[in-house]
Amino acid sequence: MSQSNNIETAARYIQEGKLVAFPTETVYGLGANALDPLAVAKIFELKERPTFDPLIVHISNMEQFARLTPVNDERVYRLAEKFWPGPLTIVLPKSDIVPDLVTSGLPTVGIRMPSNEIARQLITLSDCPIAAPSANKFGRISPTTAAHVRKQLPDVDYILEGGKSSVGIESTIISLTECGFQILRNGIITQEDLEAVLPVDSGSVTEKLAAPGMLKSHYSPRKKLLVADESTALIDKSRAGLISFSGDLDNGFSKIIRVSQHNDLKEYAVNLFEAMHTFEDDPAIDIIIAEPVCEKGIGKAIMDRLRKAEYDWRK
Ligand code: AMP
Ligand code: MG
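These numbers come from a predicted model, not from an experiment.

Parameters and conventions
- Residues numbered from 1 in each chain as written.
- Chains lettered and ligands numbered in written order.
- Predicted model: local features only at pLDDT ≥ 70, side-chain atom pairs only at ≥ 80, totals over all residues.
- Heavy atoms only, no water.
- Buried < 20%, exposed > 50% of the residue type's maximum accessible area, 1.4 Å probe, protein only.
- Helix = DSSP H or I, 4+ residues; strand = E, 2+ residues; numbered from the N terminus.
- Pairing = 2+ DSSP bridges.
- Contact = heavy atoms within 4.5 Å.
- Phe/Tyr/Trp six-rings, centres within 6.5 Å; stacked < 30°, edge-to-face > 60°.
- Axes fitted to C-alpha atoms, helices over the stretch in contact; angles between N-to-C directions.
- Parallel < 35°, antiparallel > 145°, perpendicular 65-115°, else oblique.
- Left-handed = near helix turned anticlockwise from the far one by under 90°.

Can you explain the pairing of strand S5 (residues 88–93)? Please cite residues and give values.
The side chains of a regular strand alternate, first on one face of the sheet and then on the other. Most of S5 is tucked away: 5 of the 6 residues are buried. Where S5 lies against strand S9 (residues 172–177), 4 bridges are found, and the strand directions are parallel. Of the residues in S9, the one forming a bridge with Ile90 is Ile174. Pairing of S5 with strand S6 (residues 108–112), which is carried by 4 bridges, proceeds in the antiparallel orientation. Of the residues in S6, the one forming a bridge with Ile90 is Ile111.

Okay, structure coming up:
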């Protein structure tokens, strides 16, 4: 593995069918040429990701977009106008050039244009769309720094440094229906934000579309993580770390990471995975308690990550 800020070298690696971990505003991605099935296969192998879980394809311009999907729907252009580049993934019917491995055999492909400059330059210099899931082992905590990537994927061909991700949680994913959009994964772009452009389709999300992103367990630290509730009062706090949002639960914990100084859910999102990584790496901590927030707006995305992170530990 090598690492630096050399985007040209990273782009050459992508063109040679190798893997490059790179910064995006959401989390660090593990990228490969999206049109090269052998390169894409290496992503699944290194991540130990099941092939039923499709990858998002990252673009840097609308010419690439037009090659990935036959759809020419003015609603997509309105969404792109407002939210791209940015943390929104749109699932659309795929064109033939998109390998089945990228989409896990689905007839649709998830497409996103990231706002992170390094990510976009990498895609442009590579001269191809880049398929990229988060750069972590499957099911584990997403990386928001290059150091997090090194911890879980020391064997990746190249890591492009880009500081800390400015959003901190994965993109909002939507699909389009006849009457509007449906949210497949919550993110920092909320239903309310999207409703400024298109009506929400309140029908239930079809099982086929929903299945890949609706795993109950995900984003999971190796140490026990629980969302705080009535039973938190009963635990031994001497080796417990608190991910604190409001400060209301701070009493008694041996260590506390305050994820927001200003009661700001965006700050919670930015710092959430980093806090999980810090406690996971801390030998003085055996259990992580995370403060819940109201499931409205960005709070929906934060609670989605926390519920999935605690799932295996609650069973
Ligand atoms: P990740 O790359 O880990 O951020 O997650 C990619 C997620 O995007 C998958 O787990 C799916 O939930 C979702 N996704 C990607 N492509 C599709 C698609 N064609 N249809 C439905 N969901 C998709
Ligand atoms: Mg992921």
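Having seen the structure, we can now continue with the description.
I'd like a rundown of the environment of Leu242, residues and numbers included.
Relative to the elements of secondary structure, Leu242 occurs in strand S12 (residues 240–244). The sequence separation of Leu242 and His58 amounts to 184 residues, and the corresponding C-alpha distance is 35 Å. When neighbours within four sequence positions are excluded, Leu242 is seen to be in contact with Leu249, Asp250, Phe253, Lys255, Ile256, Ile257, Phe279 and Ile289.

Any chance you could break down the packing of aromatic side chains for me, citing the residues and the numbers?
Two aromatic rings, taken as a pair, are described by how far apart their centres are and by the angle between their planes. This model, assessed by the stated rule, comprises 5 aromatic pairs. Judged by centre distance (6.0 Å) and plane angle (75 degrees), the rings of Phe65 and Tyr77 are edge-to-face. A residue pair is termed long-range when its members are at least 10 positions apart, and Phe65 in helix H3 (residues 62–68) and Tyr77 in helix H4 (residues 74–83) qualify at 12 residues. Owing to a relative accessible area of 1%, Phe65 belongs among the buried residues under this scheme. We classify Tyr77 as partly exposed; its relative accessible area is 34%.

A description of the environment of Ala41 should follow, citing residues and the corresponding values.
Inspection of the secondary structure assignment puts Ala41 in helix H2 (residues 37–47). As for Ala41 and Ser95, which are separated by 54 residues in sequence, their C-alpha atoms are 19 Å apart.

So, the packing of helix H10 (residues 265–281) against helix H11 (residues 298–314): which residues are in play, and what are the values?
To describe two helices that pack against each other, one gives the angle between their axes and the distance between the axes. It is at 9 Å that the axes of H10 and H11 come closest, and there the two elements cross at 20 degrees. Here H10 is positioned roughly parallel relative to H11, judged by the angle of their axes. For the element pair H10 and H11, the recorded crossing hand is left-handed. Listed contacts from H11 to Leu265, Lys266, Tyr268, Ala269, Leu272, Phe273 and Met276 of H10 are Ile298, Gly299, Ile302, Arg305, Leu306 and Ala309.

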